[in-house]
Amino acid sequence: MYNRSFQLSCTRVAVMAGCVILLFSRTVYSSAILEGQRMHPVQGKEGMVVTSHFLATWSAQEVLKKGGNAIDAAVTAAFSLAVTQPRSGNIGGGGFMLISSEQKDEVVAIDYREKAPGEATVDMFLDKDGNADSTVSRFSHLAAGVPGTVAGLAMALEKYGTISLKEAMAPAIKLAEEGFIVTPRFSDGLKKREKRLKKWVSSKKIFYKADGSYYEPGDLFIQKDLAATLNRISQNGITEFYEGRTAELIVAEMANHGGLITMDDMKNYSPGFRTPIHGNYRGYDIYSMSPPSSGGAHVVQILNILEGYPISEYGHNSAKTIHLMAEAMKRAYADRSFYLGDEDFIKVPLKGLTSKKYAAALHDGIDTEKATPSSTIAPGKPLPYESNQTTHFSIVDKYGNAVSNTYTINFSYGSGIVVEGAGFLLNNEMDDFSAKPGVPNAYGLIGGEANKIEPDKRMLSSMSPTIVKQEGKNFLITGSPGGSRIITTTLQVIMNVIDHGLNIQSSVAAPRIHHQWLPDQLRIEEGLSPDTIKALQDMGHEVKQKSAMGAIQSILIRDGVMYGGADPRRSTALAAGL
Ligand code: DON
């Protein structure tokens, strides 16, 4: 048997060695240097951090080492990711954070999703012929919602943290000011998105060298404007972002390019607390994100439907299991298209959607041998309304706190637009609204009335930061990027652990499947056997193998040991324990 601490120190040494090689020889390192970390889940007794960038993991790990709690570490990681992973880490976007405290026996959700500007209108993305214009909703200044990240992180820290905003931002400021070594993933991303980013002078000068050439692996990447912005926030608090110089720079950027965000929009932005969605799956308590995300409602809804089948008996990724998952997914995504939106504006039948009774009715409509064509599935009838690029990280501490955070600027590099003088990218989250009923968004998701554009409304999300508890104890902390695939990615890690008994690293790495009702297509990753695919086709599924889905950075706690599983779909991801 392996000696655990020996194994841990070996992997640490391997990672450190990789970085030393990088720093001093500018050698292009391959992700293989980090691979050793992923052969088994990384283990910790006093804390665990799993993020999609090793520099952010290390920043957060330091905080835990000094006695900080998971919330301190989470806010530190989020600001570090805003510097080291600008494709999704951000201060120009928004997100959701779930915090579980075993001591208080509570799980809270912070909603720092972007909001539509006050001057937004229902038809702002329609052209003169009434057609939705996705270039405007995705790649113009109109694409940006009012950013929530800075306010959300500050709120989490103030309410649940133990360190100051200044302390939490210090590692990020250092990384922006002194720079960090470019990884292959960082360099590749900017090459791939060259057209989008070079369209804007403000973006070109941040992400490409003065002569327009690329940052290559091994180069040093410094962000002076971003460092100055972060410094101002660190010195003056969040009012700097929402009312000070940074707000002025955002509003000037809007005024110069036909955007809508005003000083009033910035000043009026506020994050909020939401009651997380709570469900139960085979005895485990599932807590996940509530509206304005659809994530939690549908993770729980799909689990409820699947609870009616002996999934573990059918086996991991067997044709039967995948068929049932796909059928449950279709029905949930049909409901999403009709019912889900910002609860500050519309009533969402959350109790109905997540009830076992409704799941049983949907379960009864599933043919266990044959795919139901999506064309014959429509949003169902849950009980009536009650009266009343993205990146995820998971962190736990020795005090019984767990943080599950997903935040985003929507696409990789968001709208592609850097705020002139402020050094950060603006989100293109407005595309998550339904620009026109029945017209799919970038992820093929259909929406309607519930998710139409309205001033100050939050656009519907799929982000599903999730915390699973077992008998009051934090058990599984998980969540993912991936647009519409977030819900199904999260679902599968929960099932891989609970139904199939896989360890967290295998749960995260295992090939995934996805169905979202429309298009009527069962999307799979590579790694399913040909006879499984054939069996699914014989049941009537249109199976399409496409690129990898999600990047689910997860933690499992069992018998007091914290196991970290970093998703190998991100070459820079790292789990580190202490
Ligand atoms: O909030 C949402 O659902 C989307 N804006 C998330 C986008 C996303 O995950 C892109 N990442 N791969």
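Analysis parameters
Each residue is numbered by its place in its chain's sequence as written, counting from 1. For this predicted model, a pLDDT threshold of at least 70 governs which residues receive local features, and a threshold of 80 or more governs which side-chain atom pairs are given and counted, while totals over whole chains, interfaces and linings are taken from all residues. Just so you know, side-chain values use all the structure's heavy atoms and leave hydrogens and water out. By convention in these notes, a salt bridge is any Lys or Arg side-chain nitrogen within 4 Å of a carboxyl oxygen on Asp or Glu. Buried residues are those whose accessible area, probed at 1.4 Å on protein chains only, stays under 20% of the maximum for their type, while exposed residues exceed 50% and partly exposed ones sit between those limits. Secondary structure elements follow DSSP: runs of H or I no shorter than four residues count as helices, runs of E no shorter than two count as strands, and numbering proceeds from the N terminus. Throughout, nonpolar core names a set of buried Ala, Val, Leu, Ile, Met, Phe, Trp, Tyr and Cys residues whose side chains join them through atoms within 4.5 Å. Each residue after the first adds 1.5 Å to the expected span of a helix. Bend is the name given here to the angle between axes fitted to two runs of seven residues, the run ending at a residue and the run starting at it. Contact between two residues is taken to exist if any of their heavy atoms lie within 4.5 Å; hydrogens are not considered. Pairs were defined over the aromatic rings of Phe, Tyr and Trp, the Trp ring being its six-membered one, requiring ring centres within 6.5 Å. Orientation was assigned from the angle between planes: stacked under 30 degrees, edge-to-face over 60, tilted for the rest. Counted charges follow a simple rule, with Lys and Arg positive, Asp and Glu negative, and His plus the chain ends left uncounted. Within 3.5 Å is the distance limit for a polar contact, defined as a pair of N or O atoms, with the added protein rule that one can donate a hydrogen and the other accept it, and that residues adjacent in sequence qualify only through two side-chain atoms. For this purpose, a residue is taken to be near a molecule or strand whenever a single non-hydrogen atom of the residue falls within 4 Å of it. Per-residue and other accessible areas follow the Shrake-Rupley method at a 1.4 Å probe size, with only the shown protein chains counted as cover for residues. Under the grouping applied here, Gly and all other residues not named as nonpolar or charged are polar, the nonpolar ones being Ala, Val, Leu, Ile, Met, Phe, Trp, Tyr, Cys and Pro and the charged ones Asp, Glu, Lys and Arg. Grid spacing is 1 Å over the protein atoms alone, the probe is 1.4 Å, and a cavity is where that probe fits but cannot get out, while a pocket is an open set with protein on both sides within 12 Å along at least five of seven lines and lining residues have an atom within 4 Å of a point. Grid points are joined across faces, edges and corners, and a volume is the space filled by probe spheres set on the points. pLDDT expresses how confident the predictor is about each individual residue, on a scale running from 0 to 100.

### Thoughts on the pattern of salt bridges
Here comes step 1: Enumeration over the complete set of coordinates arrives at 30 salt bridges.
Here comes step 2: Residue Arg 138 is joined to Asp 431 by a salt bridge in which the shortest nitrogen-to-oxygen separation is 3.1 Å.
Here comes step 3: Since its relative accessible area comes to 16%, Arg 138 is described here as buried.
Here comes step 4: A salt bridge links Lys 198 to Glu 194, with the nearest nitrogen and oxygen atoms 2.7 Å apart. With a gap of four residues between them, Lys 198 and Glu 194 both fall in helix 9 (residues 194–198), about one helical turn apart.
Here comes step 5: According to the relative accessible area criterion, Lys 198 is partly exposed, its value standing at 23%.
Here comes step 6: Look at the salt bridges and you will find they share partners, linking Asp 111, Arg 274, Asp 342, Asp 344 and Arg 458 into a network.

### Observations concerning the nonpolar core
Here comes step 1: Ile 91 and Ile 395 are the most contacted members of the largest nonpolar core, which has 80 residues in total.
Here comes step 2: In terms of residues, this core owes the most to one element, helix 4 (residues 70–84), which gives eleven residues.
Here comes step 3: By size, the runner-up hydrophobic cluster in this structure holds 63 residues, among which are Tyr 281, Ile 286, Val 493 and Met 495.

### Considering helix 7 (residues 165–178)
Here comes step 1: In a regular helix each residue adds 1.5 Å, so 14 residues correspond to 20 Å; helix 7 covers 20 Å between its end C-alpha atoms and thus fits that length.
Here comes step 2: The sharpest bend along helix 7 measures roughly 35° and falls at Pro 171.
Here comes step 3: Contact partners of the buried residues in helix 7: helix 3 (54–65), helix 4, helix 6 (149–160), strand 5 (180–181), strand 6 (220–221) and helix 11 (224–236).
Here comes step 4: Of the residues one or two after helix 7, Gly 179 is the one with positive phi, at around 85°.

### Looking at unusual backbone geometry
Here comes step 1: Residue Pro 292 follows Pro 291 across a cis peptide bond; omega there is 20°.
Here comes step 2: The topology assignment puts Pro 292 in the loop between strand 9 (284–288) and helix 15 (295–306).
Here comes step 3: Cis geometry marks the peptide bond from Leu 518 to Pro 519; its omega dihedral reads 0°.
Here comes step 4: Unlike most non-glycine residues, Asp 105 shows phi in positive territory, near 55°.
Here comes step 5: Relative to the helices and strands, Asp 105 resides in the loop between strand 3 (94–101) and strand 4 (106–112).
Here comes step 6: Relative accessible area serves as the criterion here: at 56%, Asp 105 is assigned to the exposed category.
Here comes step 7: Unlike most non-glycine residues, Asn 317 shows phi in positive territory, near 55°.
Here comes step 8: Relative to the helices and strands, Asn 317 is located in the loop between helix 16 (311–314) and helix 17 (319–339).

### Some details on the packing of aromatic side chains
The relation between two aromatic rings is expressed through the spacing of the ring centres and the mutual angle of the planes.
Here comes step 1: One pass over the structure, following the stated rule, counts 17 aromatic pairs.
Here comes step 2: Ring centres 5.3 Å apart and planes at 65° place the aromatic pair Phe 54 and Trp 58 in the edge-to-face group. Linking Phe 54 with Trp 58, this pair stays in helix 3, spanning four residues, or about one helical turn.
Here comes step 3: Using a relative accessible area of 22% as the deciding quantity, one classes Trp 58 as partly exposed.
Here comes step 4: Relative to Phe 411, the ring of Phe 139 has its centre 5.7 Å away and its plane inclined at 70°; by these criteria the two rings are edge-to-face.
Here comes step 5: Classification of Phe 139 by relative accessible area gives partly exposed; the value is 22%.
Here comes step 6: Residue Phe 411 is classed as buried on the basis of its relative accessible area, which comes to 13%.
Here comes step 7: Pairwise contacts between aromatic rings join Phe 180, Phe 186, Phe 207, Tyr 215, Phe 221 and Tyr 413 into one cluster.

### Observations concerning the side chain of Asp 285
Here comes step 1: Here Asp 285 lies in strand 9.
Here comes step 2: No salt bridge is formed by the buried Asp 285; the nearest opposite charge belongs to Lys 469, separated by 7.3 Å.
Here comes step 3: Reaching out from Asp 285, the side chain makes a polar contact with the side chain of His 278 at a distance of 2.7 Å.
Here comes step 4: Apart from the residues within four sequence positions on either side, Asp 285 is in contact with His 278, Gly 279, Asn 280, Ile 467, Val 468 and Lys 469.

### Here we look at the site of the ligand
Here comes step 1: Around the ligand sit 15 residues, and of these Thr 390, Glu 429, Asp 432, Ser 461 and Ser 462 come closest.
Here comes step 2: Within the side chain of Ser 461, one N or O atom sits 2.7 Å away from an oxygen atom of the ligand.
Here comes step 3: Contacts to the ligand include Gly 482, whose backbone N or O atom sits 3.0 Å from an oxygen atom.
Here comes step 4: For the ligand, the accessible surface in isolation is 350 Å², of which the surrounding protein chains cover 93%.
Here comes step 5: The class makeup of the residues in the shell around the ligand is four nonpolar, eight polar and three charged.

### Considerations on empty space enclosed by the protein
Here comes step 1: Computed from the structure, the largest cavity encloses a volume of approximately 110 Å³.
Here comes step 2: Lining the largest cavity are 17 residues, and of these Asn 410, Asp 432, Ser 461, Ser 462 and Gly 483 sit closest to its centre.
Here comes step 3: Here the lining of the largest cavity is composed, by residue class, of five nonpolar, eight polar and four charged.

### Thoughts on the confidence of the model for the protein chain
Here comes step 1: On average, residues of the protein chain carry a pLDDT of 93, and 92% of them reach 70 or more.
Here comes step 2: Confidence drops under pLDDT 50 across residues 1–38; counting only partners more than four residues distant or on other chains, this segment forms 55 contacts.

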